[in-house]
Amino acid sequence: SFQTFQHYFKRINLRTLPMDLAAANSQVCQFYTGKNIFLTGGTGFLGKCFIEKILRSCPGVGTVYMLCRGKKGKSPQERMDALFSEMLFANIRENYAGQIKKVVPVVGDVLEENLGLSEEDQRLITENCHIMIHSAATIRFDDHIKLSLQLNVGGTIKMVELARRTKNLISFVHISTAYANCNLNHIEERFYEMGTEYDPLKLLELCEWMDEDVMASMTTTLLRDRPNTYCLTKALTEAYLFQHATDLPLGIFRPSIVGASWQEPAPGWIDNFNGPSGLFIAVGKGVLRILEGDVTKVADIIPVDFCVNMLICVGWHTSTLPIEDKPLIYHCTSGTKHPYTWVQLGELLLEFFRDKEPYNEVFRRPDANFAKSKVELAFWKLFSHWIPAYVADGAAKITGGKAMMLRAYDKVHKASQTFTFFTKREWTWTSGNCDMLWGLLSEADRKLYNFEVMDIVWEEYYPNFFRGTKKYILKEDMSEDKLALARQQQQRLKNMSHACVAIFLVIVALFLYPLSSL
């Protein structure tokens, strides 16, 4: 059809457009030409994708100063080298290797005073940077309230203090989350007051003298109708910005659940177990078979490349607005415009991991069901999770193997519990600023920085996402021989499942038959 032709024509243009030609026709590229960027969170999922896209799409971009701390025995430079050796940067290494030297690590830590920057690095940033992107945050839902406050609120305060000293600053983009106000069902692109008891500075002050256990005991009271410390501290951070940072050229970017890529750097690229990818792996492996939720609700997932494309455009647009205007908030979500429910997603997932491209090694045949009540959840956990886990670990001990399924289920249940709030509900988000931003883009920029969610074909996106968990996270052998063996394993598990059901029915019939003659 003509629509199908248009769809693939757009994709071909996007993936084959030469970088120099794209830059020459792009107002966004021209904006970033000669501009220096200070980025926090550059080794995180969103941050590293931002670096890859800005280097590849903007040949004239200046220096990208990336805040980087030592971690797991690696120096910042070693972490930087490891970053650029990843598959994500394969295209950059092959075709635009000269761009890599534009990324300069600056040693620091958002938990430390002045972001842990040396005086020399502070001068380097304040004298040279034009754009600041604050992506660093703890994204763990179950982090201690003290750590969440110090990282998410405290780190932002230090960024604002540095931004005020940055002489040529024209754009400061803070990355928040669409779930900052998830206590509401309908969320607009505006700031929501939290009440006088939620003073971000006073709460952060408590971290300096209050015992951790005492702070932990306050968590439930502070959360109220929010599900976790991540959503709470993201809302508190927005409160700080609107109360204390409106003198800056500020934009606030709110993405929903960030998933694998739609097209760039490759369809289905993903490199972490966070969010939906961990869920897909647990289901595909036959480990997670029941979780609490409502299958009719919308799964609001946004591809990481759409998220990065919009972030780059927000950085440009923020620079064009008068500082006197209130900071704009931009939603980057999919569920309101282009909904896809959990039941639709589940059907695709089971079809993929049962019949098309199963994982090479699985615990059981994949299945996925949502329980609507705690009682139903407990019942199915017992029969679908705990009993098979005890049987598997018992068999492992008898045969001299390693008993691991009970511990695995402890972790799976804890992880799935953090999703419950989101799988039982759905939200509507307004998109006026997002639509306005899209309307300002030229045709060249729309191809280069596409974030039009209606262009996503979910029936293509999710299978690529599932395949990405196999290829990029678990690094499985993707050969046809291995795939054939995996399908054979699924057939054996299917046959065993049918045999077990048949045996169970025979036992029930034998038990009931004598009773029927009474």
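### A short note on the overall build of the protein
1) Next: Helix and strand counts for the protein come out as 20 helices and 13 strands.
2) Next: Over its C-alpha atoms the protein spans a radius of gyration of 25 Å, differing by no more than 12% from the 24 Å that the globule rule assigns to 518 residues.
3) Next: Overall, the protein is about 90 × 60 × 45 Å in size when its C-alpha atoms are taken along their principal axes.
4) Next: Looking at the protein as a whole, 53% of its 518 residues are labelled buried.
5) Next: Sequence-distant contacts in the protein: of pairs separated by 6 or more residues, those separated by 24 or more amount to 84%.
6) Next: Looking at the protein as shown, the accessible area adds up to about 23700 Å², and 57% of this sits on carbon and sulfur atoms.
7) Next: The distance from the centre of the 57 positive side-chain charges to the centre of the 58 negative ones in the protein is 5 Å.

### A word on the environment of Leu493
1) Next: Here Leu493 lies in helix H20 (residues 480-516).
2) Next: Among all residues touching Leu493, those that are not within four sequence positions of it are Val362, Arg364 and Arg365.

### A closer look at the pattern of salt bridges
Proximity of charged atoms lets side chains of opposite charge pair with each other.
1) Next: Summed over all chains, the structure comprises 20 salt bridges.
2) Next: Put simply, Glu127 and Lys167 hold a salt bridge, and the shortest N to O gap is 2.8 Å. Of this pair, Glu127 sits in helix H7 (residues 119-128) while Lys167 is found in the loop between helix H8 (145-164) and strand S5 (171-175), placing the two residues 40 residues apart along the sequence.
3) Next: Take Lys167: its relative accessible area is 59%, and that puts it in the exposed class.
4) Next: Within this structure, Glu52, Lys53, Arg56 and Glu264 form a network of salt bridges that share partners.

### Thoughts on the packing of helix H4 (residues 45-57) against helix H13 (residues 304-320)
1) Next: Between H4 and H13, whose axes approach to 9 Å, the crossing angle comes to 65°. The angle between H4 and H13 falls in the class roughly perpendicular. As for how H4 packs across H13, the hand of that crossing is right-handed. In contact with Phe45, Leu46, Cys49, Phe50, Lys53 and Ile54 of H4, H13 contributes Val304, Cys307, Val308, Asn309, Leu311 and Ile312.
2) Next: Of the residues that constitute the contact of H4 with H13, the class distribution is ten nonpolar, one polar and one charged.

### Describing the side chain of Ser431
1) Next: The topology assignment puts Ser431 in the loop between strand S13 (428-429) and helix H17 (432-440).
2) Next: A residue is classified by how much of its surface remains accessible, and Ser431, at 18% relative accessible area, is buried.
3) Next: Residues in contact with Ser431, not counting those within four places in the same chain, are Glu189 and Lys337.

### Comments concerning the packing of aromatic side chains
1) Next: Under the defined criterion, the tally for this structure stands at 32 aromatic pairs.
2) Next: Consider the rings of Tyr340 and Trp458, whose centres lie 6.1 Å apart with planes at 35°: the pair is tilted. Highlighted residues: Tyr340 in the loop between strand S11 (328-332) and helix H14 (342-356) and Trp458 in helix H19 (residues 458-473), separated in sequence by 118 residues.
3) Next: On the accessibility criterion, Trp458 (3% relative accessible area) is buried.
4) Next: For the ring pair Phe379 and Trp380, a centre distance of 5.1 Å and an interplane angle of 85° mean the geometry is edge-to-face.

### Some words on H7
1) Next: Every buried residue of H7 is accounted for by Asp121, Gln122, Ile125 and Thr126. The buried residues of H7 occupy an angular sector of 125° when projected down its axis, which confines them to one face. Residues of H7 that are exposed and point over 90 degrees away from its buried face: Glu119 and Glu120.

### A look at the environment of Thr177
1) Next: Position of Thr177 relative to the elements: it lies in the loop between S5 and strand S6 (186-187).
2) Next: C-alpha separation for the pair Thr177 and Ala235, spaced 58 residues apart in sequence, amounts to 8.5 Å.
3) Next: Every residue in contact with Thr177, bar those within four places of it in the chain, is listed here: Tyr230, Lys234, Glu238, Phe253, Arg254 and Pro255.

### Considerations on H4
1) Next: Compared with an ideal rise of 1.5 Å per residue, which puts 13 residues at 18 Å, H4 spans 18 Å between its outermost C-alpha atoms and is within 8% of the ideal.
2) Next: The buried fraction of H4 is high, at 13 of 13 residues.

### Side note on the confidence of the model for the protein
1) Next: Residues at a pLDDT of 70 or more form 94% of the protein, whose mean pLDDT is 89.
2) Next: Scored below 50 in pLDDT, residues 1-17 makes 18 contacts in the model with residues more than four places away or belonging to other chains.

### Examining the pairing of S11
1) Next: With four of five residues buried, S11 lies mostly within the body of the structure.
2) Next: With five bridges connecting them, strand S7 (residues 250-255) and S11 associate as parallel partners. Paired with Arg254 across the two strands is His331, which belongs to S11.

### Considering the sheet that holds S7
Either a parallel or an antiparallel arrangement is found when strands of a sheet pair, and the pairing is made through backbone hydrogen bonds.
1) Next: Pairing within the open sheet is parallel, and its seven strands lie in the order S3-S2-S1-S4-S5-S7-S11. With partners counted over all chains shown, the strands left at the sheet margins are strand S3 (103-107) and S11, one partner each. Neighbouring strand axes in the sheet, compared pairwise and without regard to direction, differ in orientation by 20° on average.
2) Next: Sheet topology note: the strand S1 (residues 37-40)/strand S4 (residues 131-134) ladder contains four bridges and is parallel. When the sheet's bridge partners are listed, Phe38 is paired in S4 with Met132.
3) Next: Those strands touched by helix H5 (residues 76-84) are strand S2 (64-68) and S3, and its axis lies near 150° from that of S3.
4) Next: Packed onto the sheet, H8 meets S1, S4 and S5 and runs at close to 175° relative to S4.

### Details of the packing of helix H12 (residues 276-284) against H14
1) Next: The contact between H12 and H14 brings their axes to 10 Å, and the two run at 50°. Taken together, the axis directions place H12 and H14 in an arrangement best described as oblique. Between H12 and H14 lies a crossing of right-handed hand. Packed against H12, whose contacting residues are Leu279, Phe280, Val283 and Gly284, the element H14 presents Trp342, Leu345, Leu349, Leu350 and Phe353 at the interface.
2) Next: Considered class by class, the residues forming the contact of H12 with H14 number eight nonpolar, one polar and no charged.

### With respect to the environment of Asp199
1) Next: Assignment of secondary structure puts Asp199 in the loop between S6 and helix H9 (200-209).
2) Next: Note on Asp199: relative accessible area 24%, which makes it partly exposed.
3) Next: For the pair Asp199 and Gln243, spaced 44 residues apart in sequence, the C-alpha to C-alpha distance is 9.8 Å.

Calculation criteria
Residues numbered from 1 in each chain as written. Predicted model: local features only at pLDDT ≥ 70, side-chain atom pairs only at ≥ 80, totals over all residues. Heavy atoms only, no water. Helix = DSSP H or I, 4+ residues; strand = E, 2+ residues; numbered from the N terminus. Rg over C-alpha atoms; globule rule 2.2 N^0.38 Å. Buried < 20%, exposed > 50% of the residue type's maximum accessible area, 1.4 Å probe, protein only. Contact = heavy atoms within 4.5 Å. Areas by Shrake-Rupley, 256 points an atom, 1.4 Å probe, with all protein chains shown as cover. Lys, Arg positive; Asp, Glu negative; His and termini not counted. Charge placed at Lys NZ, Arg CZ, Asp CG, Glu CD. Salt bridge = Lys/Arg side-chain N within 4 Å of Asp/Glu carboxyl O. Axes fitted to C-alpha atoms, helices over the stretch in contact; angles between N-to-C directions. Parallel < 35°, antiparallel > 145°, perpendicular 65-115°, else oblique. Left-handed = near helix turned anticlockwise from the far one by under 90°. Nonpolar A, V, L, I, M, F, W, Y, C, P; charged D, E, K, R; others polar. Phe/Tyr/Trp six-rings, centres within 6.5 Å; stacked < 30°, edge-to-face > 60°. Arc of directions from axis to C-beta. Expected span 1.5 Å × (residues − 1). pLDDT = per-residue confidence, 0-100. Pairing = 2+ DSSP bridges.

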